[in-house]
Amino acid sequence: MPDHAALKLHTHVFHPGPSGRTLLLLHGTGGDEHDLVPLARHVDAQAAILSPRGNVLERGAPRFFRRLAEGVFDLDDLRVRVLALRDWLTAAIEHYAIDPAQLTALGYSNGANTAAAMMLLHPGALRSAILWRAMVTVEDAPPINTSGRTLIVSGRTDPILPLPNAQRLASMLRERGIDVRHEVLSAGHELTRDDIDLARDWLARDWLGRA
Ligand code: MLT
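Note that the structure is predicted; figures quoted are calculated from it, not measured.

Draft legend 1. Broad picture of the nonpolar core. If you look at the biggest cluster of nonpolar residues, it comprises 43 residues, and the most contacted ones within it are Leu24, Trp88, Leu89, Leu126, Leu131, Leu169 and Leu173. Setting aside residues no more than four positions away along its own chain, Leu89 makes contact with Leu24, Leu50, Leu103, Met118, Ala125 and Leu126. Ala40, Ile49, Tyr108 and Ala187 belong to the second largest nonpolar core, which has 22 residues in total.

Shown next, in the form of structure tokens:
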């Protein structure tokens, strides 16, 4: 039976799609469950969309875990929230009959950090993720041996997520057995058309690899 209590943890939308694929959208600080939907349609028009709203409020701005300052994270809160999001995802997969083998997370900024943390802390919970503007959050993530695929897209002049930090995240994921492609755009923190194009092309190849 689906765990309805767990499902209620996040306000969310689910838009069915004609393929067996699903994109899990994780928005950035101040976004909501609707934010990334138009971009996701450009990344994969045929995929279903599952999109939760972060349930932490920072002066009214939704996030997926608390931070103490910009780039300084409340790691105890992060661990609790990421575990709860994992449980919410398990309930949503059951409730909406999502195929977990055909699920890809698409996260931006705080949402990308959340997806990366889930891959590092809960091996197997996410097998595929596109991380737009991600950085290291959990410095002491356990030295697991897992698998999965990730595209990280960074902005060379991103003032919020410094490039060396994103490179460190790529290394952390690779050391744990995840196949990482890291692209660096001539961009800042904001998303660009190139982010969408890279995500669409990477995902198309990823699906082919899984078929
Ligand atoms: C953000 O503004 O969302 C940060 O850059 C990333 C985070 O807080 O996780």
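Draft legend 2. Summary view of unusual backbone geometry. The backbone phi angle of Arg59 is positive, close to 45°, even though this residue is not glycine. Summarising the element assignment, Arg59 is placed in the loop between strand E4 (56-58) and strand E5 (61-63). One non-glycine residue, Arg133, lies in the positive phi region at around 65°. Checked against the element boundaries, Arg133 lands in the loop between strand E9 (128-132) and strand E10 (149-155). Overall, the relative accessible area of 1% leaves Arg133 in the buried class.

Draft legend 3. Fine view of the packing of helix H4 (residues 110-121) against helix H5 (residues 163-175). H5 packs onto H4 with a crossing angle of 30° between their chain directions and a minimal axis gap of 10 Å. By the angle class used here, H4 and H5 are roughly parallel. Crossing of H4 over H5 shows left-handed handedness. Seen from H4, the contacting residues are Ala116, Met119 and Leu120; seen from H5, they are Leu169, Met172 and Leu173. Residue classes in the contact of H4 with H5 are distributed as six nonpolar, no polar and no charged.

Draft legend 4. Summary view of the packing of helix H3 (residues 75-95) against H4. Interhelical geometry of H3 versus H4 gives an angle of 85° and a closest axis separation of 10 Å. With respect to each other, H3 and H4 are oriented roughly perpendicular. For the pair H3 and H4, the contacting residues are Leu78, Arg79, Val82, Leu85, Arg86 and Leu89 in the first and Thr114, Ala117, Met118 and Leu121 in the second. Residues of the contact of H3 with H4, tallied by class, amount to seven nonpolar, one polar and two charged.

Draft legend 5. View of the sheet that holds strand E2 (residues 22-26). Taken in spatial order, the seven strands of this open sheet run E1-E3-E2-E8-E9-E10-E11, and their pairing is mixed. The open sheet is flanked by strand E1 (12-15) and strand E11 (179-185), the only strands paired with a single partner. The mean angle between the axes of side-by-side strands here comes to 15°, regardless of whether they run parallel or antiparallel. Of the strand pairs in this sheet, E2 and strand E3 (residues 48-52) are connected by three bridges, and their pairing is parallel. When the sheet's bridge partners are listed, Leu23 is paired in E3 with Ile49. Contacts from H5 reach E9, E10 and E11, with the element oriented near 165° to E11.

Rules behind the numbers
Residues numbered from 1 in each chain as written. Predicted model: local features only at pLDDT ≥ 70, side-chain atom pairs only at ≥ 80, totals over all residues. Heavy atoms only, no water. Core = buried A, V, L, I, M, F, W, Y, C linked by side-chain atoms within 4.5 Å. Buried < 20%, exposed > 50% of the residue type's maximum accessible area, 1.4 Å probe, protein only. Contact = heavy atoms within 4.5 Å. Helix = DSSP H or I, 4+ residues; strand = E, 2+ residues; numbered from the N terminus. Axes fitted to C-alpha atoms, helices over the stretch in contact; angles between N-to-C directions. Parallel < 35°, antiparallel > 145°, perpendicular 65-115°, else oblique. Left-handed = near helix turned anticlockwise from the far one by under 90°. Nonpolar A, V, L, I, M, F, W, Y, C, P; charged D, E, K, R; others polar. Pairing = 2+ DSSP bridges.

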